Amino acid sequence: MSFDPSNKNQMWGGRFSDKPADIMEQINASIDVDVRLWKQDITLSRAHAQMLAKQNILSQADVDTLLKGLDMVEEEFKGGTFPLRREYEDIHMNIEARLKELIGDVAGRLHTARSRNDQVATGFRMWIRDAIDTLIEKIEALQEVIDDLSDKHANDIMPGFTHLQAAQPVTLAMHLSSYGYMLNRDKLRFIGCRDRLNKCPLGSAALAGTPYPIDRNFTAEALGFDRPTNSTMDGVSARDFANEFLFDCAQTGLHLSRLAEEIILWATPQFNFISLSDQWSTGSSIMPQKKNPDAAELVRGKTGRLAGNLIQLMTVMKGLPLTYNKDQQEDKEPVFDSFDTLVLCLEATKGMLASATFNTARMLAAAEDGYTTATALADWLVMELGLAFRDAHHATGAIVKMAEDKGVKLSELSLADLQSVESGITEDIFSVLSVENAVKSRNG
Ligand code: ARG
């Protein structure tokens, strides 16, 4: 019985005589989303075909035709002329159907010793692997901007905060480089995810392996995997690699969101720690004085999508029996969306930061405002006079209160004032009461 392309159900062979209902076709089709796997699908089909020839499962002549056909399909994708057809459901069936149109019946031999289940599991891992490589590049580019800014502002003092209250003086470099360290952990997480997912499920076939004398090491190596997956059933069914990727995206986005929140706060006239360039700000249609940090707000806002995508796929997977279930076709949209979203957020954060101006004079003044050297004072009482920290804390509290009552900074109190609280205090204490010296005194 030959294949009638107008009746998609005949892809399944002679068992089907009727076409799918329209809505069935609509709910079943994933081509609009998984078209993004086209490159991976062609690449893995090439490796599979070459393996079939090497193992004498297919003739070299047939495989040469298949490879030529795959080249033609690739050209069509590159040239934007590949006909995407919903009646062929997904990227795998679209490519196979097109291959048949281009090279004839031999196209039907490509699916020997494989199933769409191991095909999609393999292609999806390959796609995420590439996505991770791109994300690592983008993370590193942002880290570079943060490193440059940290070098530039190594000695610029600002208040460090806890509870968003001025706590102790720090440098802008200390503050910014914290985000560099967060991003570094994000990068390491992606590297770990890549390492764990880089096992090749191809050859698992539908779920139970295949009787053909295939060479799984060959395809795994040809496709850049470390080795084949061990369990064929787990191989077609596992999606924890996608969840892990989604978590890593969400966590990176969450870090960017914290940074975005600081940019938003710092750009307010009340803080006035940072000025965003015009390129990275928007105006208000009604309030002419406003310059809004929309990009930072959107980076903060998009973290909701990233977290949502993780929850989406975890929820899809949570009740699925082994092995493949069609529910799993819902795995790609969140992964693609998280990738696109995170690329955008990384690039926007980089652009915003690289072009921003830090108002270091204002930061220094803010550090001097809030009695931020009180802890340095207490530490001095401990280290120089041998007070217990709790007693030093108490005495310092009294000194802060006195400064507050007099409306002066700690460094503006007289020695006599200080001695009225703690008689052992000497001139030396003034060395830690300036914010510069307070920062320098902390070398651990
Ligand atoms: N488009 C499908 C997916 O992404 C491919 C696998 C289909 N397998 C099947 N047994 N229907 O999940």
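To be clear, the structure that these remarks concern was listed above.
No experiment lies behind these values; they were computed from the predicted model shown. (Residues numbered from 1 in each chain as written. Predicted model: local features only at pLDDT ≥ 70, side-chain atom pairs only at ≥ 80, totals over all residues. Heavy atoms only, no water.)

The grouping of E144, D147, D148 and D151 at the surface amounts to a negative patch. Mapped onto the fold, D147 is located in helix α6 (residues 116-152). Note on D147: relative accessible area 45%, which makes it partly exposed. (Patch = residues over 30% accessible without salt bridge, like charges linked within 9 Å, V, L, I, M, F, W, Y side chains within 5 Å. Areas by Shrake-Rupley, 256 points an atom, 1.4 Å probe, with all protein chains shown as cover. Salt bridge = Lys/Arg side-chain N within 4 Å of Asp/Glu carboxyl O. Lys, Arg positive; Asp, Glu negative; His and termini not counted. Charge placed at Lys NZ, Arg CZ, Asp CG, Glu CD. Helix = DSSP H or I, 4+ residues; strand = E, 2+ residues; numbered from the N terminus. Buried < 20%, exposed > 50% of the residue type's maximum accessible area, 1.4 Å probe, protein only.)

For the rest of this paragraph, the subject is the environment of N9. With respect to the helices and strands, N9 occurs in the segment before α1 (22-28). Judged by its relative accessible area of 9%, N9 is buried. Between the alpha carbons of N9 and Y88 there is a distance of 9.1 Å; along the sequence they are 79 residues apart. Ignoring anything within four residues of it in the chain, the contact list for N9 reads F16, D18, K19 and P20. (Contact = heavy atoms within 4.5 Å.)

Take A365: it is sitting in helix α13 (residues 360-369). Under the relative-accessibility criterion, A365 is labelled partly exposed at 29%. Residues A365 and V299, spaced 66 residues apart in sequence, show a C-alpha to C-alpha distance of 29 Å.

Turning next to the pattern of salt bridges. In total, this model carries 28 salt bridges according to the counting rule given. Here R46 makes a salt bridge to D71, at a shortest N to O gap of 2.9 Å. Separated by 25 residues along the polypeptide, R46 in helix α3 (residues 38-54) and D71 in helix α4 (residues 60-79) bring together distant segments of the chain. The class of D71 is partly exposed, set by a relative accessible area of 38%. For the salt bridge of K78 with E74, the shortest nitrogen-to-oxygen distance reads 3.7 Å. With a gap of 4 residues between them, K78 and E74 both fall in helix α4, about one helical turn apart.

With respect to spatial proximity, the complete set of residues near the ligand consists of S30, D34, D90, H92, R116, N117, V120, Y324, Q329 and K332. Here R116 contributes a side-chain N or O atom positioned 3.3 Å from a nitrogen atom of the ligand. Alone, the ligand offers 350 Å² of accessible surface; in the complex the protein occludes 86% of this. Per-element tally for the shell around the ligand: the top contributor is α6, with 3 residues. For the shell around the ligand, the class distribution of residues is 2 nonpolar, 4 polar and 4 charged. (Near = heavy atom within 4 Å. Polar contact = N/O pair within 3.5 Å; in protein donor to acceptor, adjacent residues only side chain to side chain. Nonpolar A, V, L, I, M, F, W, Y, C, P; charged D, E, K, R; others polar.)

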